[in-house]
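Next come the chains, spelled out residue by residue.
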Amino acid sequence: MNIIHKKSWSLPESSATPEDVFWNRRRFLTGMAGGGLALGAALSSRPSFAETDPSAHLYPVDRNPAYELDRPLTDEGIASTYNNFYEFGSHKQIAKAAQKLQIRPWTVAIDGLVDKPQTLDIDDILAKMPLEERLYRHRCVEAWSMAVPWSGFPLAELVKLASPTADAKYIRFETFKNPEVASGQRQSWYPWPYVEGLTLAEATNELAFMATGIYGKPLAKQFGAPIRLVVPWKYGFKSIKSIVKITFTDQRPVSFWEEIQGSEYGFWANVNPSVPHPRWPQASERLLGTDERRNTLLYNGYEAQVAHLYKGMTGERLFM
Ligand SMILES: Nc1nc2c(c(=O)[nH]1)N[C@H]1C(S)=C(S)[C@@H](COP(=O)(O)O)O[C@H]1N2
Ligand SMILES: [Mo]
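Participant: Any chance you could explain the site of ligand 1 here in plain terms?
Facilitator: Lining the immediate environment of ligand 1, one finds 19 residues, of which Y86, E87, R228, S239 and K241 sit closest. Between ligand 1 and the protein, one listed contact pairs an oxygen atom with a side-chain N or O atom of N83 at 3.0 Å. At 3.2 Å from a nitrogen atom of ligand 1 is found a main-chain nitrogen or oxygen belonging to N84. Notes on ligand 1: free accessible area 540 Å², of which the protein chains cover 100%. If you map ligand 1 onto the pockets, it falls in the largest cavity. Grouping the amino acids of the shell around ligand 1 by side-chain chemistry returns 10 nonpolar, six polar and three charged.

Participant: What should I look at first to understand the pairing of strand β10 (residues 243-249) in this one?
Facilitator: When a strand is regular, its side chains alternate between the sheet's two faces. For β10, the buried fraction is high: five of the seven residues fall into the buried class. Of the strand pairs in this sheet, strand β1 (residues 107-112) and β10 are connected by four bridges, and their pairing is parallel. Bridge pairing in β10 places A109 opposite K245. Inspection of the sheet shows strand β5 (residues 170-175) paired to β10 by six bridges, in the antiparallel sense.

Participant: What am I meant to see in the pattern of salt bridges here?
Facilitator: It is possible for side chains of opposite charge to pair when their charged atoms get near one another. Applying the stated criterion across every chain yields a total of 18 salt bridges. Residue E285 pairs with R139 through a salt bridge whose shortest N-O separation is 3.1 Å. With E285 in strand β11 (residues 284-287) and R139 in strand β3 (residues 132-139), this pair connects stretches of sequence that are 146 residues apart. Assigned by exposure class, E285 and R139 land together as buried.

Participant: Teacher, can you tell me more about empty space enclosed by the protein here?
Facilitator: Gaps left between atoms show up when a probe the size of a water molecule is rolled over them. Counted according to the given criterion, the structure contains three cavities of 30 Å³ or more. For the largest cavity, the calculated volume is near 280 Å³. Lining of the largest cavity is provided by 22 residues; of these, N84, F85, R228, G236 and K241 occupy positions nearest its centre. Class assignment of the residues belonging to the lining of the largest cavity gives a composition of 13 nonpolar, six polar and three charged. Taken as a whole, the second largest cavity spans an internal volume of roughly 50 Å³. As for the second largest cavity, its lining consists of V141, Y235, F237, E264, Y265, A269, V275, P276, H277, Q282, F319 and M320. When grouped by side-chain class, the residues that make up the lining of the second largest cavity number nine nonpolar, two polar and one charged.

Participant: Mind showing me how you'd approach the sheet that holds strand β2 (residues 118-121) here?
Facilitator: Hydrogen bonding along the main chain pairs the strands of a sheet, whether they run parallel or antiparallel. Sheet architecture is open: five strands sit in the order β2-β1-β10-β5-β6, paired in mixed fashion. Looking at strand neighbours, the two that pair on one side only are β2 and β6 (195-199), the edges of this open sheet. Each strand of the sheet is rotated relative to its neighbour by a mean of 20 degrees, with strand direction disregarded.

Participant: Which parts of the structure should I look at to understand the packing of aromatic side chains?
Facilitator: For any pair of aromatic rings, the description rests on two quantities: the centre-to-centre distance and the angle between the ring planes. All told, the structure shown has 24 aromatic pairs when counted by the stated rule. Measuring from ring centre to ring centre gives 5.3 Å for Y190 and W192, while their planes differ by 55 degrees; the resulting arrangement is tilted. Assessed through its relative accessible area of 5%, Y190 is described here as buried. W192 gets classed as buried once you look at its relative accessible area, which sits at 10%. On the numbers, 4.7 Å between centres and 25 degrees between planes, the contact of Y194 with F256 is stacked. Linking Y194 in the loop between β5 and β6 with F256 in helix α7 (residues 256-260), this pair joins segments that are 62 residues apart in sequence. On the basis of relative accessible area, F256 is assigned to the buried category, the value being 1%. Pairwise contacts between aromatic rings join Y86, W189, Y190, W192, Y194, F237, F256, W257 and Y265 into one cluster. Against the face of Y302 rests R137, its NZ or CZ located 4.6 Å from the ring centre.

Participant: Sorry, what's going on with helix α5 (residues 155-162) here?
Facilitator: Helical geometry: 3.6 residues make up each α-helical turn, so side chains three or four residues apart lie on a common side. Where α5 is concerned, the buried positions are L155, L158, V159 and A162. All buried residues of α5 fall inside an arc of 105 degrees around its axis, so they share one side. Positive backbone phi, approximately 55 degrees, marks S163, located one or two places after α5.

Reading the values: rules and limits
Residues numbered from 1 in each chain as written. Chains lettered and ligands numbered in written order. Predicted model: local features only at pLDDT ≥ 70, side-chain atom pairs only at ≥ 80, totals over all residues. Heavy atoms only, no water. Near = heavy atom within 4 Å. Polar contact = N/O pair within 3.5 Å; in protein donor to acceptor, adjacent residues only side chain to side chain. Areas by Shrake-Rupley, 256 points an atom, 1.4 Å probe, with all protein chains shown as cover. 1 Å grid on protein atoms, 1.4 Å probe; cavity = no way out; pocket = protein on both sides within 12 Å on 5 of 7 lines; lining within 4 Å. Sits in = over half its atoms within 2 Å of the grid points. Nonpolar A, V, L, I, M, F, W, Y, C, P; charged D, E, K, R; others polar. Buried < 20%, exposed > 50% of the residue type's maximum accessible area, 1.4 Å probe, protein only. Helix = DSSP H or I, 4+ residues; strand = E, 2+ residues; numbered from the N terminus. Pairing = 2+ DSSP bridges. Salt bridge = Lys/Arg side-chain N within 4 Å of Asp/Glu carboxyl O. Points joined across faces, edges and corners; volume = space filled by probe spheres on them. Axes fitted to C-alpha atoms, helices over the stretch in contact; angles between N-to-C directions. Phe/Tyr/Trp six-rings, centres within 6.5 Å; stacked < 30°, edge-to-face > 60°. Lys NZ or Arg CZ within 6 Å of the ring centre and 35° of its normal. Arc of directions from axis to C-beta.

Quick look at the structure:
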């Protein structure tokens, strides 16, 4: 996403570590460390960032066949090296920097309008929740898209566990804040921490998903480990990464991008090809890792599941 306060020292995409240099360096180092025998193994596949994740044994999980794609899955190597995670830089090549994030211990606080505020350990969440795999499309407002196999559980399950009071109407999600680890958070003109929000009706829609894994493994850090939101009918910025706090509230949350530029990034941000964004026409999208463009679909193709949520809403900017 382009930022209004573009500073002269912010990196253009082209000046970041190129993917190939990055991977070659890793292979080289792996080969050195493991000696000659390890070199062959290191060359045969890209190393997984998730190698030491304590939840690795939980994956892969069974795929829920209800969610089908109309396009091939995006290549894992490509999706893992083209990320938006402004905490680690305002460009796409943040995968390496994101490895500094410590994902254990990790807790998620649940507070606000709930029967009993509580702080949950990520491994307790993983043990309690019914993990499944879902193939979803992902559409960034920058007009690129991907199709990936998430692992995780329905957000509705977490809402049930939280037991919101009758007054709760929205959920506010918050990402970690640690400028020592996340250099992007030293850029003080951004309103850290990253915040996002949903209505309770959206959060309990069947599509709203908490991802803890991807490609049959725990989430690599650049994808927002150890737990992130996935709301595939909305522009990608709604799918907040590395969540530490979930607050039930009767006030509509103001999200990170909305606070920066509310005229461009609203609360609803539902995908709609016929509502152009000031920076990007939204009629079509580039399929990440290919030369293909496709026409963008209303609600990113999830109209049947979510259109009813917005029936009769007037005076709301539903598509920005
Ligand atoms: N905390 C946090 N969450 C975030 C972002 C971010 O910068 N910080 N970027 C968002 C945007 S714009 C997109 S498109 C997706 C990208 O997810 P991916 O890198 O896993 O493809 O994450 C979203 N979640
Ligand atoms: Mo995005």
